[in-house]
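Structural overview for review
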Amino acid sequence: MWTKLSAGTVPTVERFDWFTDVISNSLMPTALRSERSADFQAEAAVLDLGAVQVSSFEYSHVRSRRTPALIRRADPEQYQLSLLTRGRMWMSQRGSDAELAPGDMILWDTSHPFEADCRPGEGTLRALVVQLPKTVLPLRAGRIDPLLGHRIGAESGLGAVLAGFIASLGRHGSDCGPQELRHLGAATIELTAACLAERLDVYGELPAEVRARALRERIDTFIEDGLGDPALTPGLIAAAHGISVRALHVLFREGSESVAAVVRRRRLERCRADLARPELAGRPVHEIGARWCFTNAAAFSRAFRDAYAISPTEFRRTAARATRLDGAAPARPGPGPTGSRRTA
């Protein structure tokens with residue numbers, strides 16, 4: 001679970017110094033300045049994933065510098081990857097610099113000096129930082145250096161997969177137990193390595209199992225984005241990723257669900273979510289099913305009942321009743337769909 005810290009527990013005049021200490025202790029010693037030091041706002045949280053750690057930060061304007069003297073004082077010998085979710089950021093390391101907007105990522109090395117300027121605009125800046133010991137990445141020493149201080153976009157490919165995965169850790173990490181968190185730590189290492197290797201054009205240097213798991217993550221993201229497309233078939237999925245349909249089925253053989261079963265389960269989950277939404281209460285049940293490619297109303301009803309032990313109409317009625325009673329999120333009656341689900 002997340003270990004949370006808040007500047008709200010500290011007197012106003014001490015908050016900026018408090019935040020400086022938090023950064024030094026949780027990330028690395030860094031010299032900080034701020035134009036908002038007199039009324040500084042900050043929240044921080046840490047999620048332990050075993051070999052790696054994810055930190056969540058929300059704070060007022062900060063300009064930071066990591067100098068050779070600070071590196072000599074303490075160096076965790078990590079690569080740190082930041083996903084910016086609100087505000088703007090500039091960073092420079094090893095002769096490279098980049099401007100970041102929400103959704104962008106950037107990588108730095110704690111063993112080299114850097115400068116950064118985090119500008120939240122109105123309110124506070126938000127970012128997630130993944131801390132990766134250099135020894136855990138399956139890439140040769142020095143391979144990653146050309147990416148330091150460069151923007152890593154999340155518009156497509158493994159960049160999009162990695163950014164989405166990190167964001168999901170921020171949203172759902174607190175729901176996971178210790179063993180699940182260790183699995184997520186391993187997945188974080190593999191996805192980060194795959195994303196960096198692809199950008200460096202050294203993807204072939206990764207172990208085969210790392211490449212296979214990264215490909216599975218890309219395919220899962222592709223499926224998620226295409227659930228509303230009736231043409232989302234194994235053939236289309238395989239062609240989009242440059243593999244044969246047979247290779248696609250082999251890739252999914254490690255899990256307990258086939259490709260078609262995963263698509264079907266995720267579509268049913270989307271139907272279930274829509275049926276619980278009050279703003280869609282006036283839309284007929286069969287239209288909800290059709291929206292997620294269940295074009296036959298009777299077949300949709302049977303599939304929904306098989307998955308959740310309740311009909312779509314009964315589920316909608318129960319969810320609406322729960323919403324009226326407690327004014328909170330809709331209830332979720334019945335068990336989840338058959339088949340396993342990935343942790344993130």
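Below, the structure is looked at part by part.

Here is what the cut-offs are and how they apply
Residues numbered from 1 in each chain as written. Predicted model: local features only at pLDDT ≥ 70, side-chain atom pairs only at ≥ 80, totals over all residues. Heavy atoms only, no water. Pairing = 2+ DSSP bridges. Helix = DSSP H or I, 4+ residues; strand = E, 2+ residues; numbered from the N terminus. Axes fitted to C-alpha atoms, helices over the stretch in contact; angles between N-to-C directions. Contact = heavy atoms within 4.5 Å. Phe/Tyr/Trp six-rings, centres within 6.5 Å; stacked < 30°, edge-to-face > 60°. Buried < 20%, exposed > 50% of the residue type's maximum accessible area, 1.4 Å probe, protein only. Lys NZ or Arg CZ within 6 Å of the ring centre and 35° of its normal. Arc of directions from axis to C-beta.

1. Some details on the sheet that holds strand β8 (residues 96-100)
Pairing is antiparallel in the open sheet, where five strands are placed in the order β2-β5-β10-β7-β8. One side of each edge strand has no neighbouring strand; the edge strands of this open sheet are β2 (31-33) and β8. Between one strand axis and the next, the sheet turns through 10° on average, direction left out of account. Sheet strands in contact with helix α1 (residues 15-26) are β2 and β5 (62-66), and its direction is about 150° off that of β2.

2. Observations concerning the packing of aromatic side chains
Tallied over the entire structure, the rule returns nine aromatic pairs. Seen in terms of ring centroids, W108 and F114 are 6.0 Å apart; in terms of plane orientation they differ by 50°. Their pairing is tilted. Across the pair, F114 and W108 agree in class, each one buried. Judged by centre distance (5.4 Å) and plane angle (35°), the rings of F294 and F300 are tilted. The exposure class of F300 is buried, given its relative accessible area of 2%. A connected cluster of aromatic rings, assembled from ring pairs, spans F16, F19, F40, F57 and Y59. Its end group placed over the ring of Y79, K134 keeps NZ or CZ at 5.7 Å from the ring centre.

3. Some remarks on helix α7 (residues 245-252)
Within the sequence span of α7, burial applies to L248, L251 and F252. One side of α7 holds all its buried residues, which, seen down the axis, span an arc of 95°.

4. Observations regarding unusual backbone geometry
The phi angle at E77 is positive, at roughly 55°, despite the residue not being glycine. Positive phi, normally seen in glycine, also occurs at A309, with a value near 60°. Note that A309 resides in the loop between α10 (297-308) and α11 (312-326). The exposed category is assigned to A309, whose relative accessible area is 58%.

Coordinates in, geometry out; function isn't part of it.
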